Amino acid sequence: MNILGYAQKLGRALMLPIATLPVAALLLRLGQGDLLDIPFMANAGGAIFDHLPLLFGLGIAVGLSIDGAGAAGIAGAAGIAGAAGIAGAVAYFVLTATAKTINAENDMSFFGGIFAGIIAGHSYNAFYKTSLPQWLAFFSGRRLVPIMAGLFSLIAGGLLGFVWPYVQSALDALAHGISSSGSLGEFVYGVLNRALIPVGLHHVLNSYFWFGMGTCQEIIVSNAHAAANALTNITKLCVAPDIAKSLVVGNEHTFHFVNSVTPDVTAVVNSVTDTIKTGDLNRFFGGDLSAGRFMNGFFPVMMFGLPGAALAMYLCAPTEKRAQVGGMLFSVAFCAFLTGITEPLEFLFVFLAPALYAIHAVFTGLSMVIANAFGTLDGFGFSAGLLDFVLNWGLATKPLTLLFIGFGFFFLYFITFYVAIRAFNLKSPGREDDVALGTQQGKPQGSTSNQELAKQYLAVLGGHDNVDNIDACITRLRLTVKDSGSIDESELKALGAMGVVKLNKTSIQVILGPMVEIIAGEMKDIEQD
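Residues numbered from 1 in each chain as written. Predicted model: local features only at pLDDT ≥ 70, side-chain atom pairs only at ≥ 80, totals over all residues. Heavy atoms only, no water.

Under the annotation held in an unreviewed UniProt entry, the protein carries the name N-acetylglucosamine-specific PTS transporter subunit IIBC and is attributed to Vibrio zhugei. According to its UniProt record, the protein has this under Subcellular location (unreviewed entry): "Cell membrane". (UniProt positions renumbered as here; feature names shortened; annotations may be inferred.)

Caption draft 1: Structural detail: the overall build of the protein. Within the protein, the regular secondary structure consists of 21 helices and 10 strands. The buried share among the 529 residues of the protein stands at 53%. Taking all contacts inside the protein whose residues are at least 6 apart in sequence as the whole, residues at least 24 apart take part in 71%. When the accessible surface of the protein is summed, it comes to about 22200 Å², and 64% of that surface belongs to carbon and sulfur atoms. (Helix = DSSP H or I, 4+ residues; strand = E, 2+ residues; numbered from the N terminus. Buried < 20%, exposed > 50% of the residue type's maximum accessible area, 1.4 Å probe, protein only. Contact = heavy atoms within 4.5 Å. Areas by Shrake-Rupley, 256 points an atom, 1.4 Å probe, with all protein chains shown as cover.)

Caption draft 2: Inspection of unusual backbone geometry at higher detail. In this model, Asp37 sits at a positive phi of 55°, which is unusual for a non-glycine residue. When you line up the elements, Asp37 lands in the loop between helix 2 (21-30) and helix 3 (39-50).

Caption draft 3: Broad picture of the sheet that holds strand 8 (residues 476-481). Taking strand neighbours across the sheet as the criterion, the four strands line up as 7-8-10-9 in an open arrangement whose pairing is antiparallel. Where the open sheet ends on each side, the last strands, each with one partner, are strand 7 (467-472) and strand 9 (499-502). Ignoring which end each strand starts from, the neighbouring axes of this sheet average 20° apart. (Pairing = 2+ DSSP bridges. Axes fitted to C-alpha atoms, helices over the stretch in contact; angles between N-to-C directions.)

Caption draft 4: Molecular detail of the state of the cysteines. All told, the structure shown has one disulfide when counted by the stated rule. Disulfide pairing places Cys216 opposite Cys238 at an S-S distance of 2.0 Å. Between Cys216 and Cys238, the S-S dihedral sits near 90°, and the bridge is therefore right-handed. On the criterion of sequence distance, the pair formed by Cys216 in strand 1 (residues 215-226) and Cys238 in strand 2 (residues 236-239) is long-range, its members being 22 residues apart. The exposure classification of Cys216 matches that of Cys238, with both residues buried. (Disulfide = S-S within 2.5 Å.)

Caption draft 5: Region of interest: the pattern of salt bridges. Taken as a whole and assessed by the stated rule, the structure comprises eight salt bridges. In this structure, Arg194 engages Glu346 in a salt bridge whose closest nitrogen and oxygen atoms are separated by 2.7 Å. With Arg194 in helix 9 (residues 183-195) and Glu346 in helix 15 (residues 343-346), the pair connects residues that are 152 residues apart, well separated along the chain. The burial state of Arg194 is the same as that of Glu346; both residues are buried. Among the salt bridges present, the one from Arg476 reaches Glu343, with a minimum N-O distance of 3.0 Å. Of this pair, Arg476 sits in strand 8 while Glu343 sits in helix 15, placing them 133 residues apart in sequence. Across the pair, exposure class does not vary: Arg476 and Glu343 are buried alike. (Salt bridge = Lys/Arg side-chain N within 4 Å of Asp/Glu carboxyl O.)

Caption draft 6: Looking closely at the environment of Gly85. With respect to the secondary-structure elements, Gly85 resides in helix 6 (residues 83-102). Placed 39 residues apart in sequence, Gly85 and Tyr124 show a C-alpha to C-alpha distance of 9.5 Å.

Caption draft 7: Fine view of the packing of aromatic side chains. A complete count under the given rule lists 35 aromatic pairs for this structure. Taking the centre distance of 6.4 Å and the plane angle of 65° together, the rings of Phe298 and Phe380 count as edge-to-face. Within this pair, whereas Phe298 is found in helix 13 (residues 298-316), its partner Phe380 is found in the loop between helix 16 (354-373) and helix 17 (386-391), the two being separated by 82 residues in sequence. Across the pair, Phe380 and Phe298 agree in class, each one buried. Note on Phe347 and Phe351: the rings are 5.8 Å apart at their centroids and 45° apart in plane angle, and the pair reads as tilted. For Phe347, a relative accessible area of 2% translates into the label buried. What makes Phe351 partly exposed here is its relative accessible area of 36%. A cation over a ring is seen here: Arg143 above Phe138, with NZ or CZ 4.3 Å from the ring centre. Here Arg322 stacks its cationic end above the ring of Tyr314, 5.9 Å away from the centre of that ring. (Phe/Tyr/Trp six-rings, centres within 6.5 Å; stacked < 30°, edge-to-face > 60°. Lys NZ or Arg CZ within 6 Å of the ring centre and 35° of its normal.)

Take a look at the structure:
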């Protein structure tokens with residue numbers, strides 16, 4: 001498998017543990033004192049965040065396994081289906097314990113989970129059919145997988161125990177460079193985040209910024225008040241580890257956060273915990289009042305900018321086709337506004353008008369810069385939609401300002417897209433040369449069942465003989481085929497596909513929208529019949 005194809009598969013595997021974040025964020029926020037004040041609910045959500053590296057190990061092991069055999073194991077199902085998932089857990093514990101024993105300062109965070117998952121996934125693929133001599137037959141096949149994963153992880157942990165401090169220093173330097181570069185770093189990250197979506201590698205980029213960049217240590221405080229002496233509801237903070245080590249329990253301390261718009265907070269230190277939060281997302285939910293720099297800028301784009309683009313594309317469509325494209329555009333725009341799932345909308349124009357998508361990527365970078373320039377900080381457990389925006393209002397810094405920035409981006413996207421489409425005669429839904437519309441969220445309008453639709457997709461893809469592997473991401477089918485050159489993109493779009501990405505002769509992605517999991521499941525069932 002080529003490097004791009006492997007990165008694609010790793011990016012898809014990362015989605016399994018990331019998919020746990022919405023429920024984690026929901027429980028964590030609803031359980032807080034400023035909402036429902038239910039401690040066990042907050043702790044339940046916090047436990048998922050605290051064990052996210054382990055979930056990365058489990059999820060990646062499942063995603064890289066040749067038949068995805070670990071997925072049921074993570075859910076607790078008995079039998080052989082848990083082999084890859086169990087191997088991921090074994091690999092994570094062995095690797096991290098070994099590395100930490102060699103050097104107590106080693107803390108690989110989610111990187112430990114990624115390494116463990118890779119080792120476990122490949123161990124599964126290499127040994128799940130292995131036969132041993134009769135006297136060792138009990139350990140043959142899938143039972144051998146966790147054993148081998150543990151052995152390989154022991155070796156890897158030994159190497160990382162010596163190497164990781166240097167890697168961590170390099171990563172810290174990178175993080176410091178990005179953070180200290182201010183607007184430039186924020187802009188580049190925003191542009192790359194959108195630019196990598198067509199090839200599905202944005203999850204790899206996001207994983208570092210959201211789960212690996214920057215650390216803080218959680219402390220419990222009381223009698224907290226801001227610099228302006230306004231009382232706050234703060235009961236915990238997350239501060240730099242070197243600051244946490246200098247604190248004296250029972251004493252009052254003034255905390256200054258690196259983001260200059262966040263006021264200093266003075267509070268009595270009740271306890272200093274051993275809990276370390278890593279990454280922009282984890283630090284945001286953990287109480288770091290400087291976190292959220294690499295999430296806040298997505299809210300104006302996903303909630304307002306892209307819906308503005310959808311309205312522009314609707315008004316640019318020929319009058320006789322507006323009814324046809326209107327339902328589709330409204331559906332995907334509302335999906336972006338409510339949930340932050342933007343791929344169904346983005347793939348409506350990324351291949352029709354790449355210039356519009358380039359503008360979208362630049363605007364995303366611009367939104368990151370503007371959101372931070374106005375001193376806003378916000379985060380999300382899943383994506384930057386209305387649900388996360390409302391849920392995390394109490395944690396955000398200047399959320400009302402972020403809302404007004406969003407209104408500005410609605411008009412920026414609308415005017416820019418409308419003028420660009422009209423002035424340069426760019427393609428957009430309803431303006432294609434060969435329009436094959438009548439779709440909604442990846443499913444043709446009408447009474448076609450999911451099973452029948454899956455059969456039609458499979459037939460257009462060349463049937464059982466041409467399709468070797470079927471996987472699904474949030475909005476796209478990720479397929480391994482014998483020959484992608486023989487697949488007709490226009491036929492896929494006629495069935496309801498919003499876009500087709502041919503990475504090479506054997507790797508193809510078909511963008512269907514949020515219903516992709518259902519279609520992928522039906523296609524797998526058909527192949528097994």
